[in-house]
Amino acid sequence: MLKSYLKIAFRNIGKHKGFSFINIAGLAIGMACCILILLWIQDELSYDKFHENRNELYRVFTKVQYSDGRTNLFTESYFPLSRVLTEECPEVVAASRYATHYGLLVKYGEKSFAEDSFGFADASFLSMFSFPFLKGDPKTALSDKFSVVITEEMSQKYFGREDPMGKTLNVNDQVDLQVTGVIEEVPLDSSLQFDFLIPYPLYWGPDWTEPDHWGGNPLETYVLLNKNAVTYETEKKITSIKEKHDPSPATQSTTLNLQPLTRIHLYGLEGGGPVTYIYIFLAVALFVLIIACINFMNLSTAKAATRAGEVGMRKVVGARKADLIKQFFGESILLSFIALFLALLIVELLLPVFNNLSGKQLALGFSSNIIIILGLLGIAVFTGVVSGSYPALFLSSLQPVKVLKGSVPLSSGSSLFRKVLVVSQFALSIFLIIGTAIIYRQLNYMKNRDMGYDANQLIFIYVQRDLTAKYESVKNELLKNSNILSVTRSLQVPSNIGSTVSALDWEGKNPDESVSMNWDIVDFDYFETLKMEMVQGRGFSREFGSDVSGAYIVNEEAAELMGMESPVGKRLSVFRNEGKVIGVVKNFHFKSLHNEITPFVFWMNPGWASMMSCLFVRVAPSNISETLEYVKSVGTKFSPAYPLRYQFMAERLDRLYNRERLMGKIISYFALLAIVISCLGLFGLASFMTERRTKEIGIRKVLGSSVSKVVFLLSKEFTKWVLVANVIAWPVAYYLMSRWLQNFAYRASLGFWIFIMSGVLILVIALLTVSYQAIRAATANPVDALRYE
């Protein structure tokens, strides 16, 4: 039975080679898009799934609700939290602090390298997480304060074929650490990445004494819950435990919450993580595949008249409706599997390009991946069923007597359905073009928006602690070069400042009011170097000795929060440190444009000098390469062990929108493929329609119609379809893209011209596609069409 179905299917495919080729090509392109996105989604969904306890592992984060309605979410945790939760919360099986660091010097004998991937954790960390050990015991590997666990790659790098266990690594010329464990390379799909894992107390140095205060600090807390723990109830318990131990008065609502480990990468802390783009890319890939399926249905229904006789004869000789449905579905599914094979070849060719575009290391790997195999089979069957559904149900329902008499009204129903399909196809293509244009418009808006400081010719350098101690000497040496205009430093980089302070007081503040400000500690010449505009007062100056301990500079949002038109000279207390406002800086963006500008306060604090590792160098626009070489030579002079690494602030800001840029590129490529598939189908449909109207065209030419009139006649119907598609696509695109733009606090306008341009572009493409067949039919000799009439 199967053999006979296949034989008939292959025969019918061979009979209509041109249409079969168009169908297979369109389906293959659509399937290739879906397979690429399926691989990408699988990679995103696999994050942190290798941990045995993944369903019981959580990250603790804090939610603060202020009286002005604002909410802050942050993962910065508290020194005592992990210990207290382990002791007092029965649902918590284990807990660990975790922090990262980069740019530390590691030495072994004569080997010395600046390394970038350090993790700092408590001894329980390796029992909670499943990082496979090659040597050592995960339960005891971090028990000693001066121990270190390294990856296999680092073992080879420093020790070669030697056994690393018990060997000593020197870190940052400060501490000697004994290797107590070697693990496999940390998987790329891990939210926690490190090459060296060191006991947490050493994050602050070998002489650090652990404090017992409950202020937010640069560390995260992870907990392992027992299997019967109820997350919501556990959150209430850990919040009450924190309230019991934290002596600081709270004027705002603060809760501790738990985020599942497996949701960290996908959802981020505040939403808008990769999961948003999973939905978008999947929808776009399905759009492309649906357009290919529409092609199949269009061309199949167009050919219905030529196959009606076959259906009638088969029914006369005993074929049932179910047999015909099986046959037509069999043909479409067979075509689908042929297209799948071609799609796999396309994917193999495009994977290197797609990996370079997405920053992934994707591979088909279906020989050992059941999800990929099932996904491929699912795509093929779905495509075959959807593509063959209407032809199978429509043709199998024809009555043999009417078919053989030639009285079946094939044109009316199938023609209307074809129109609906073509309009849908155009509407999807128009939507993709509009979406691509709006994404790039927003990217261009973000690139050119005034950030409140000048990022051009501004170099950011993350400096080591030995350089921070020599900051003044480094600064003076840099300024000897005439192409270096100014130098300053700060605690944080003004591209992603999340630190907040709620311990605030000023003249006239309601003591029951809970508010917060973002903050940063800076040095002299900061506002001059970044070219930030002072709207009131002045910046920090060496001429005023009090600036280093009792002076604050706020932004316009902070002045508004304080309810002061002119706050200069007014009292301000931050972290319970009294001082006065000496200036108001114009509002500036210290996060991406996804976020609104919020109140901000700057101050100076010599006690934090050793932590101020963000160096900024303003350079002249000329001779930049020579200036950079000079900057590196100064770094080598003062710290020969650490290679100085720099980054232009403009590039750093640009990277804030990598996801949006990736989204724009992928959607633009898929939109192009959608247009190609649409053109393939349109070309085949135009060929069929001109063939059906050959005699009509011949008669019109005999009666005096010109070539232009005939071309207009054949193109008129397609033009109407495109206009209807615009009417459908525009409101849908407007609604969905408006929703997407709401992810940005600062966004470009939609621009009606984008909608007009998209509609005109599709119309031109459609007319160019149809015009070949139209002109060919219009210029044909009418005698050939009417010879046998």
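Residues numbered from 1 in each chain as written. Predicted model: local features only at pLDDT ≥ 70, side-chain atom pairs only at ≥ 80, totals over all residues. Heavy atoms only, no water.

Draft legend 1. Quick peek at a negative patch on the surface. Taken together, E152, E153, E184 and E185 make up a surface patch of like negative charges. In this structure, E153 sits in helix α5 (residues 152-159). For E153, a relative accessible area of 48% corresponds to the partly exposed category. (Patch = residues over 30% accessible without salt bridge, like charges linked within 9 Å, V, L, I, M, F, W, Y side chains within 5 Å. Areas by Shrake-Rupley, 256 points an atom, 1.4 Å probe, with all protein chains shown as cover. Salt bridge = Lys/Arg side-chain N within 4 Å of Asp/Glu carboxyl O. Lys, Arg positive; Asp, Glu negative; His and termini not counted. Charge placed at Lys NZ, Arg CZ, Asp CG, Glu CD. Helix = DSSP H or I, 4+ residues; strand = E, 2+ residues; numbered from the N terminus. Buried < 20%, exposed > 50% of the residue type's maximum accessible area, 1.4 Å probe, protein only.)

Draft legend 2. Local environment of the packing of helix α15 (residues 471-478) against helix α19 (residues 624-638). At a closest axis distance of 10 Å, the pairing of α15 and α19 adopts a crossing angle of 145°. Handedness of the α15/α19 crossing: right-handed. Facing S473, V474, E477 and L478 of α15, the residues of α19 in contact are Y630, V631, V634, K637 and F638. Tallied by class, the residues present in the contact of α15 with α19 amount to six nonpolar, one polar and two charged. (Axes fitted to C-alpha atoms, helices over the stretch in contact; angles between N-to-C directions. Left-handed = near helix turned anticlockwise from the far one by under 90°. Contact = heavy atoms within 4.5 Å. Nonpolar A, V, L, I, M, F, W, Y, C, P; charged D, E, K, R; others polar.)

Draft legend 3. Quick peek at the nonpolar core. Core analysis: the biggest nonpolar cluster contains 118 residues, and I35, F540 and F602 have the highest contact counts within it. A per-element tally of this core places helix α2 (residues 17-45) first, with 15 residues. Apart from the residues lying within four places of it in its own chain, the contact partners of I35 are L340, A343, L344, V347, L364, L376 and I379. F79, Y158, V179 and L202 belong to the second largest nonpolar core, which has 24 residues in total. (Core = buried A, V, L, I, M, F, W, Y, C linked by side-chain atoms within 4.5 Å.)

Draft legend 4. Layout of the environment of G268. As for its position among the elements, G268 is in the loop between α7 (261-267) and α8 (274-302). Once you skip the residues sitting within four places of it in the chain, G268 turns out to touch Q259 and R263.

Draft legend 5. Expanded view of the sheet that holds strand β24 (residues 614-619). With antiparallel pairing, four strands are arranged side by side in an open sheet as β15-β24-β14-β25. The open sheet has two edge strands with one neighbour each: β15 (484-490) and β25 (646-648). The average undirected angle you get between the axes of adjacent strands in this sheet is 25°. Here five bridges tie strand β14 (residues 458-462) to β24, and the two strands are oriented antiparallel to one another. Counted as the bridge partner of Y462 is C614 from β24. Across the sheet, α15 lies against β15 and β24, angled at about 160° from β15, the strand it touches most. Where α19 meets the sheet, it contacts β14, β15, β24 and β25, and its direction lies at approximately 145° from that of β25. (Pairing = 2+ DSSP bridges.)

Draft legend 6. Representation of the side chain of N257 within the structure. Considering the arrangement of structural elements, one finds N257 in strand β13 (residues 253-260). We classify N257 as buried; its relative accessible area is 14%. Separated by 3.2 Å, the side chains of N257 and T255 make a polar contact. Setting aside its immediate chain neighbours within four residues, N257 contacts R59, V60, F61, K63 and E235. (Polar contact = N/O pair within 3.5 Å; in protein donor to acceptor, adjacent residues only side chain to side chain.)

Draft legend 7. Expanded view of the pairing of strand β20 (residues 551-555). Within β20, five of the five residues are buried, leaving the element largely enclosed by the surrounding structure. Alternating positions in β20 separate into two faces, A551, I553 and N555 on one and Y552 and V554 on the other, with burial throughout.

Draft legend 8. Quick look at the packing of aromatic side chains. Following the criterion strictly, the structure yields 44 aromatic pairs and no others. Taken together, a centroid distance of 5.4 Å and an interplanar angle of 85° make the contact between F113 and Y158 edge-to-face. Here the residue F113 occupies a position in strand β5 (residues 111-115), and Y158 occupies one in helix α5, the gap between them amounting to 45 residues. The class of F113 is partly exposed, set by a relative accessible area of 32%. (Phe/Tyr/Trp six-rings, centres within 6.5 Å; stacked < 30°, edge-to-face > 60°.)

Draft legend 9. Spatial organisation of the pairing of strand β4 (residues 104-108). Two elements, β4 and β5, share five bridges in a ladder whose sense is antiparallel. Within β5, the position partnered with L105 by the bridge is A114. Linking two consecutive strands that pair antiparallel, namely β4 and β5, is a turn of two residues; a positive phi of about 60° is found at G109 within it. With two bridges joining them, β4 and strand β9 (residues 168-171) adopt antiparallel strand pairing. When the sheet's bridge partners are listed, V106 is paired in β9 with V171.

Draft legend 10. Structural view of the pattern of salt bridges. In the structure shown here, the tally under the stated rule is 28 salt bridges. Residue E220 pairs with R59 through a salt bridge whose shortest N-O separation is 3.2 Å. Of this pair, E220 sits in strand β12 (residues 220-225) while R59 is found in strand β1 (residues 57-65), placing the two residues 161 residues apart along the sequence. The residues E220 and R59 share a single accessibility class, namely buried. A salt bridge links E88 to K244, with the nearest nitrogen and oxygen atoms 2.8 Å apart.

Draft legend 11. Structural detail: the environment of I430. The residue I430 is located in helix α13 (residues 410-448) in this model. For I430, a relative accessible area of 0% corresponds to the buried category. In this structure, the C-alpha to C-alpha distance between I430 and S758, residues 328 residues apart in sequence, is 5.9 Å. Once residues within four sequence positions are removed from consideration, I430 is found in contact with V722, A725, N726, A729, W730, S758 and I762.

Draft legend 12. Representation of the side chain of N726. Counting through the fold element by element, N726 comes out in helix α23 (residues 707-741). Taking relative accessible area as the criterion, N726 reaches 7% and is therefore assigned buried. Dropping the residues within four chain positions of it, N726 is found in contact with I430, P731, F755 and G759.

Draft legend 13. Fine view of the packing of helix α3 (residues 81-88) against helix α6 (residues 231-245). Their axes nearest at 11 Å, the elements α3 and α6 cross at an angle of 115°. As α3 packs across α6, the resulting crossing turns out to be right-handed. Of the residues in α6, those in contact with V84, L85 and E88 of α3 are I238, I241, K244 and H245. A breakdown of the residues in the contact of α3 with α6 according to their chemical character gives four nonpolar, one polar and two charged.

Draft legend 14. Representation of α5. Within the sequence span of α5, burial applies to M154, S155, Y158 and F159. Viewed along the axis of α5, the buried residues span an arc of 105°, placing them on a single side of the element. Its buried side turned inward, α5 meets β4, β5, β8 (147-151), β9, β10 (175-183) and β11 (196-199). With its phi angle positive at about 60°, G160 sits one or two positions after the end of α5. (Arc of directions from axis to C-beta.)

Draft legend 15. Looking closely at unusual backbone geometry. A positive phi angle, close to 65°, is found at D48, a residue other than glycine. Looking at where D48 falls in the secondary structure, it is placed in the loop between α2 and β1. Within the chain, N623 stands out as a residue other than glycine whose phi angle is a positive 55°. Looking at the element boundaries, N623 is found in the loop between β24 and α19. Take N623: its relative accessible area is 43%, and that puts it in the partly exposed class.

Draft legend 16. Main features of the state of the cysteines. According to the stated counting rule, one finds zero disulfides in the structure shown. Looking at the unpaired C33, the closest cysteine sulfur is the one in C34, lying at 7.0 Å. Classification of C33 as buried rests on a relative accessible area of 2%. Here C293 is not disulfide-linked; the sulfur of C34 is the nearest cysteine sulfur, at 8.7 Å. (Disulfide = S-S within 2.5 Å.)

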